[in-house]
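Listed below are the residues making up each chain.
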Amino acid sequence: MKLPAALLLVLASTAVTVHATVYFQEQFMDGDGWMSRWVESKHKSDYGQWKLSAGKFYGDAEADKGIQTSQDARFYAISARFEPFSNEGKPLVVQFTVKHEQKIDCGGGYVKIFPSDLDQNNMHGDSQYYIMFGPDICGYSTKKAHVIFNYNGQNHLIKKDIKCKDDELTNMYTLILNADQTYEVRINNEKVESGSLEDDWDLLPQKKIKDPEAKKPSDWDDRAKIDDPSDTKPEDWDKPETIPDPDSKKPDDWDEDMDGEWEPPMITNSEYKGEWKPKHIDNPDYKGAWVHPEIDNAEYTHDATMYKFDNIGVLGLDLWQVKSGTIFDNFLITDDVKEAEEFGMQTWGATKGPEKKMKEEQEDMERKLREEEEKSKRDTEGDEDEEDEEEVAEEEGEHDEEMDEDAGTEGDGEVKQKDEL
């Protein structure tokens, strides 16, 4: 029997994800229902407030709703709990979307993964976490994606610099931590960094250290070039850097009693050759750069379980923002990379295009309004200038008429006086 194409697609999708486990998923699709699942910390009395919003521009008015920071210059602390689990022997995938629609100047956009024994009501910046992951922006110098792991009670920052997105659109961040101690960071489904825990974090002491007993031999010559011992300075080398100007003459009006003894100005000596140095030649005794011998570090012990966290149970947002407006959405914690990829394409992937289009349309409309306002302002200023010119012209005309009347009166008086004479 031939199965319909749609059914085959469903079966194929189920086959791909049948072994996937989703530990946590949040899309804020049930209105205010999220408030019963998320707990705001009471550690501080002035934490910033969260609100449900899709923002000023979006791809889907409902699907793009997430929790948004709403007050400037505030700390924020909120978390959601899920059934505790261990990532032993399997991948751990943490994924979420973040939109800095306020064009963030300084603030965090990262998540923290906590052990299940976290007191959510008292969560704060010093609460011990397992993983911190996501973008952090402050000014022009800090625009990075953090990847911090807690190992043996200490937080360890990645040694690589991972640049984050700093635009105003929704971006998706994915961290993949594998049981073979490797990791991968993706932004918008594109790999931006990868490697191993042991290479890219200082979780363990170094395998090798410099032998404290080893010292460079006293006769070790590591100079690749030396001065040529046979090279000598020419007899005519030493010339002064400046000399009196031979073309300069004492001015005729120079008064030595008043001006002192006249001296010609100094000029650069064309024969000056600078400081003499012997030529360099290859050092016949050169042995190369001395390399400090290394030995095994007695403090190093391999740990094949550095990646493992036994009691994962809370996802939290613990951050500071100068300018509020960031929207967090589409949280996912799973053990399957394909599941994360598919979820990402169904959420962020489906709305990113329409969101960008809506933003561009808004910007185009705002630009046109600005241009119209500027044109209206210029026209108004032009009308005012014309009115001022007309007023000036009228005043000048009235002044001329008064002058003519005055002149006519004065002329009549003169005629009358002549008649009387």
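Attention here is on the structure that accompanies the text. In this text the structure is predicted, and so the values were computed from the model without any measurement.

**What to know about the overall build of the protein**
Phase 1: Tallying secondary structure elements over the protein gives five helices and 22 strands in all.
Phase 2: Evaluated residue by residue, the protein yields a buried proportion of 35% over its 421 residues.
Phase 3: About 26,400 Å² of surface is accessible on the protein, with carbon and sulfur atoms providing 48% of the total.

**Some points on the side chain of E355**
Phase 1: Within the secondary structure layout, E355 lies in helix α5 (residues 348–420).
Phase 2: Given a relative accessible area of 3%, E355 falls into the buried group.
Phase 3: In this view, E355 contacts F57, Y58, G59, K99, L169 and T170; residues no more than four positions away in its chain are not counted.

**Let's talk about empty space enclosed by the protein**
Phase 1: According to the stated counting rule, one finds three cavities of 30 Å³ or more in the structure shown.
Phase 2: Here the largest cavity defines a volume of roughly 100 Å³.
Phase 3: Along the walls of the largest cavity sit D64, T97, V98, K99, T170, I327, D329, N330, W348, T351, K352 and E355, which together make up its complete lining.
Phase 4: In terms of residue count, α5 provides more of the lining of the largest cavity than any other element does, four residues in total.
Phase 5: Here the lining of the second largest cavity takes three residues from strand β10 (residues 142–151), the largest share from any one element.

**What about helix α4 (residues 337–346)?**
Phase 1: When we look at burial in α4, the residues that qualify are E339, A340, F343 and G344. For α4, the buried positions fall inside an angular range of 130° around the axis, keeping them on one side.
Phase 2: The backbone nitrogen of K338 lies 3.0 Å from a side-chain oxygen of the residue at the head of α4, namely D336.

**A few points about the nonpolar core**
Phase 1: Grouped together as the largest cluster of nonpolar side chains are 61 residues, with contacts concentrated most on W38 and F331.
Phase 2: Element by element, the count of residues in this core is highest for strand β5 (residues 74–85), at six residues.
Phase 3: The contact partners of W38, leaving out residues within four places of it in the chain, are F24, E26, F28, I67, I78, S79, A80, L315 and F331.
Phase 4: With five residues, the next largest nonpolar core counts V93, I176, L332 and A340 among its residues.

**Remarks on the side chain of D136**
Phase 1: Topologically, D136 is positioned in strand β9 (residues 131–138).
Phase 2: No salt bridge is formed by the buried D136; its nearest oppositely charged neighbour, K144, is found at 7.0 Å.
Phase 3: For D136, the side chain forms a polar contact with the side chain of H146, separated by 3.0 Å.
Phase 4: Once you skip the residues sitting within four places of it in the chain, D136 turns out to touch G107, G108, Y110, T142, K143, K144, H146 and C164.

**Here's the deal with the pattern of salt bridges**
For side chains bearing opposite charge, pairing can occur when the charged atoms are close.
Phase 1: Enumeration over the complete set of coordinates arrives at 28 salt bridges.
Phase 2: Here D318 and K112 are joined by a salt bridge, their closest N and O atoms 2.8 Å apart. On the criterion of sequence distance, the pair formed by D318 in strand β21 (residues 312–321) and K112 in strand β8 (residues 111–115) is long-range, its members being 206 residues apart. Judged on exposure class, the residue D318 and its partner K112 are both buried.
Phase 3: With a closest N to O distance of 3.5 Å, K250 and E256 form a salt bridge.
Phase 4: Its relative accessible area of 40% is what places K250 among the partly exposed residues.

**As for the state of the cysteines**
Phase 1: Taken as a whole and assessed by the stated rule, the structure comprises one disulfide.
Phase 2: With its sulfur 2.0 Å from that of its partner, C106 forms a disulfide with C138. Taking the torsion about the S-S bond as the criterion, the C106 to C138 disulfide, at about -85°, is left-handed. Separated by 32 residues along the polypeptide, C106 in strand β7 (residues 106–108) and C138 in strand β9 bring together distant segments of the chain.
Phase 3: Under the relative-accessibility criterion, C138 is labelled partly exposed at 32%.

**Re a nonpolar patch on the surface**
Phase 1: Together, F75, W320 and V322 make up a nonpolar patch on the protein surface, roughly 240 Å² of accessible area in all.
Phase 2: Mapped onto the secondary structure, F75 falls in strand β5.

**Structural notes on the packing of aromatic side chains**
Phase 1: The tally for this structure, following the rule as stated, stands at 20 aromatic pairs.
Phase 2: Relative to W201, the ring of Y183 has its centre 4.8 Å away and its plane inclined at 80°; by these criteria the two rings are edge-to-face. Taken together, the positions of Y183 in strand β13 (residues 182–187) and W201 in the loop between α2 (197–200) and β15 (208–210) put the pair 18 residues apart, joining distant regions of the chain. Judged on exposure class, the residue Y183 and its partner W201 are both buried.
Phase 3: By way of ring pairs, the aromatic residues Y23, F24, F28, W34, W38, F82, F85, F96, F133, Y173 and F331 are connected into one cluster.
Phase 4: K99 extends its terminal NZ or CZ atom over the ring of F57, reaching a point 4.6 Å from the ring centre.
Phase 5: The ring centre of F57 lies 5.8 Å from the NZ or CZ of K359, which sits over that ring.

Thresholds, definitions, all that
- Residues numbered from 1 in each chain as written.
- Predicted model: local features only at pLDDT ≥ 70, side-chain atom pairs only at ≥ 80, totals over all residues.
- Heavy atoms only, no water.
- Helix = DSSP H or I, 4+ residues; strand = E, 2+ residues; numbered from the N terminus.
- Buried < 20%, exposed > 50% of the residue type's maximum accessible area, 1.4 Å probe, protein only.
- Areas by Shrake-Rupley, 256 points an atom, 1.4 Å probe, with all protein chains shown as cover.
- Contact = heavy atoms within 4.5 Å.
- 1 Å grid on protein atoms, 1.4 Å probe; cavity = no way out; pocket = protein on both sides within 12 Å on 5 of 7 lines; lining within 4 Å.
- Points joined across faces, edges and corners; volume = space filled by probe spheres on them.
- Arc of directions from axis to C-beta.
- Polar contact = N/O pair within 3.5 Å; in protein donor to acceptor, adjacent residues only side chain to side chain.
- Core = buried A, V, L, I, M, F, W, Y, C linked by side-chain atoms within 4.5 Å.
- Lys, Arg positive; Asp, Glu negative; His and termini not counted.
- Salt bridge = Lys/Arg side-chain N within 4 Å of Asp/Glu carboxyl O.
- Disulfide = S-S within 2.5 Å.
- Patch = residues over 30% accessible without salt bridge, like charges linked within 9 Å, V, L, I, M, F, W, Y side chains within 5 Å.
- Phe/Tyr/Trp six-rings, centres within 6.5 Å; stacked < 30°, edge-to-face > 60°.
- Lys NZ or Arg CZ within 6 Å of the ring centre and 35° of its normal.

Interpretation in functional terms is not warranted from these geometric data alone.
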